[in-house]
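Each chain, letter by letter, is given below.
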Amino acid sequence: MISAINKKMQKFDTVIIGGGAAGIVAAISARRSGKNVVICEKMQRLGKKILISGAGRCNISNLDLNEAHYNTEGRELVKSIFSRFGREKIENFFNELGLKLGSEVSMIFPATDQAASVLRVLEDELKALKVAVELDFEVNNIAGSPKGFIVKSRNGKSIMCNTVIITGGGKSYPSLGSDGSCYVLASSFGHKITAPIPSAVPLVTKDIFCHLLQGQKIQCVAKAVIGGKVKKETEGELLFTKYGLSGTAILDISEDISIIINRLGAKFAQDSIDMVPFIGADELKEEIIRRINKGFTEENLMIGILPNKFSLVFRDLFKGASVEKIVNVLKDKRFDIIDTKSWNEAEFTSGGVNVKDIKESTLESKLKKSVYFAGEILDVNGERGGYNLAWAWASGFVAGLTE
Ligand SMILES: Cc1cc2nc3c(=O)[nH]c(=O)nc-3n(C[C@H](O)[C@H](O)[C@H](O)COP(=O)(O)OP(=O)(O)OC[C@H]3O[C@@H](n4cnc5c(N)ncnc54)[C@H](O)[C@@H]3O)c2cc1C
């Protein structure tokens, strides 16, 4: 990588703060538009989060890429950005870098199934374009200067520039670099920050089911129930753990629960799990009655319908229970959620730089000319399935076009 720092303070057209998915693509886009660009990255290498995304496979986008898959506050902004750099342009961008793509259901992955391939083609393009990269450069101040900005690092380095693009990410997985430090930079220009909370995160409950079933996976329908109303419903995998509930279905419904516990301060929320979605309540009732009449004990009542480990639940919790109660619990098991797991286990951040003060077509700040934002630092978060990386690529590309 090319370093920017000489003894004399260097001047660039554009400084990009944060070398993750959004920052790397912003740098490519800015450089292709003729700008002299440097990426300032606090870690010892670029794109650490790209490498672990999609469990190392990197789900880079989705065939059904549109604003409906994003939180409501950010939707108009997302729509506007995808109208400039949407699904086809994202795919073409990677194809032109030499990355072959394939899809699984609607999720788009690199054909190599390796996140490392995605980072490699991006880094090769940075090198080909001679984008300067400063590693171990944690930006802690952006000062105004008569000629633009002076971007300063925690360890005393400075770079001058005309334009700043802030792509420092949210707060999830802080060990990979994004720890929320860029919210402070945004606030220094007057931007409001919607309280960041962990999203796509496992849920904590003391329910005895989790104790008895820890390590067990099932397919389920999971619902977030807020104030007695179903806010979100999804079908997928549920994993019972020592502390509570995990698995894709739980991550998918976790945002609404995280909002009311972590942002609004509620003591607990509920989720509802249909543990046998493949069988209707009436049919299940008939099957249980048939089995009881045949002399099944509680312990083997659900064998062949649910995994064998459920015998423990039936042995310990359902002695003498009515058929109606069993059916109710299996079709609508309520878990009292008392907390979420922390940032170290959250895939995304819900919240961040409020989008009301961001120009929809360019991502420039409405409060400070020549300051742009892209990626997860903005209060834009998508569903799981490639929507968050798609947002990072698209917003990074558009922000890099700077006016
Ligand atoms: C386990 C996991 C799996 C995921 N899988 C997927 C997936 O398959 N598909 C999908 O769409 N999304 C996935 N995501 C989400 C997706 O990875 C992120 O939304 C996306 O990477 C955000 O990109 P970003 O560039 O905005 O932020 P980041 O990738 O977080 O990059 C921000 C960069 O800024 C740097 N930085 C932060 N502060 C400073 C500072 N003050 N100075 C200098 N540098 C700074 C950080 O070190 C970091 O390199 C996953 C996330 C996780 C945690």
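For clarity, every value in this text was computed on a predicted model and none was experimentally measured. (Residues numbered from 1 in each chain as written. Predicted model: local features only at pLDDT ≥ 70, side-chain atom pairs only at ≥ 80, totals over all residues. Heavy atoms only, no water.)

1. Comments concerning the site of the ligand
Around the ligand, a shell composed of 36 residues is seen, among which A22, E41, G54, E376 and L389 lie nearest. Measuring from a nitrogen atom of the ligand, one finds a backbone N or O atom of N59 at 2.9 Å. Note that an oxygen atom of the ligand is positioned 3.3 Å from one of the backbone N or O atoms of N388. Bound to the protein, the ligand loses 96% of the 1,000 Å² it would expose on its own. Listed by contribution, the elements that provide at least two residues to the shell around the ligand are helix 1 (21-32), helix 2 (48-52), helix 6 (181-187) and helix 12 (387-400). Here the element with the most residues in the shell around the ligand is helix 12; it accounts for four residues. (Near = heavy atom within 4 Å. Polar contact = N/O pair within 3.5 Å; in protein donor to acceptor, adjacent residues only side chain to side chain. Areas by Shrake-Rupley, 256 points an atom, 1.4 Å probe, with all protein chains shown as cover. Helix = DSSP H or I, 4+ residues; strand = E, 2+ residues; numbered from the N terminus.)

2. Observations regarding the pattern of salt bridges
Summed over all chains, the structure comprises 20 salt bridges. As a salt-bridge pair, R290 and E287 come within 3.0 Å of each other at their nearest N and O atoms. A residue pair is termed a helical-turn pair when its members lie 3 or 4 positions apart in one helix, as R290 and E287 do in helix 9 (residues 281-293) at three residues. Of the charged contacts in the structure, one is a salt bridge between D332 and R334, with a shortest N-O distance of 2.9 Å. A relative accessible area of 33% places D332 in the partly exposed class. By relative accessible area, which is 36% here, R334 ends up partly exposed. The network of salt bridges with shared partners includes R57, E104 and D113. (Salt bridge = Lys/Arg side-chain N within 4 Å of Asp/Glu carboxyl O. Buried < 20%, exposed > 50% of the residue type's maximum accessible area, 1.4 Å probe, protein only.)

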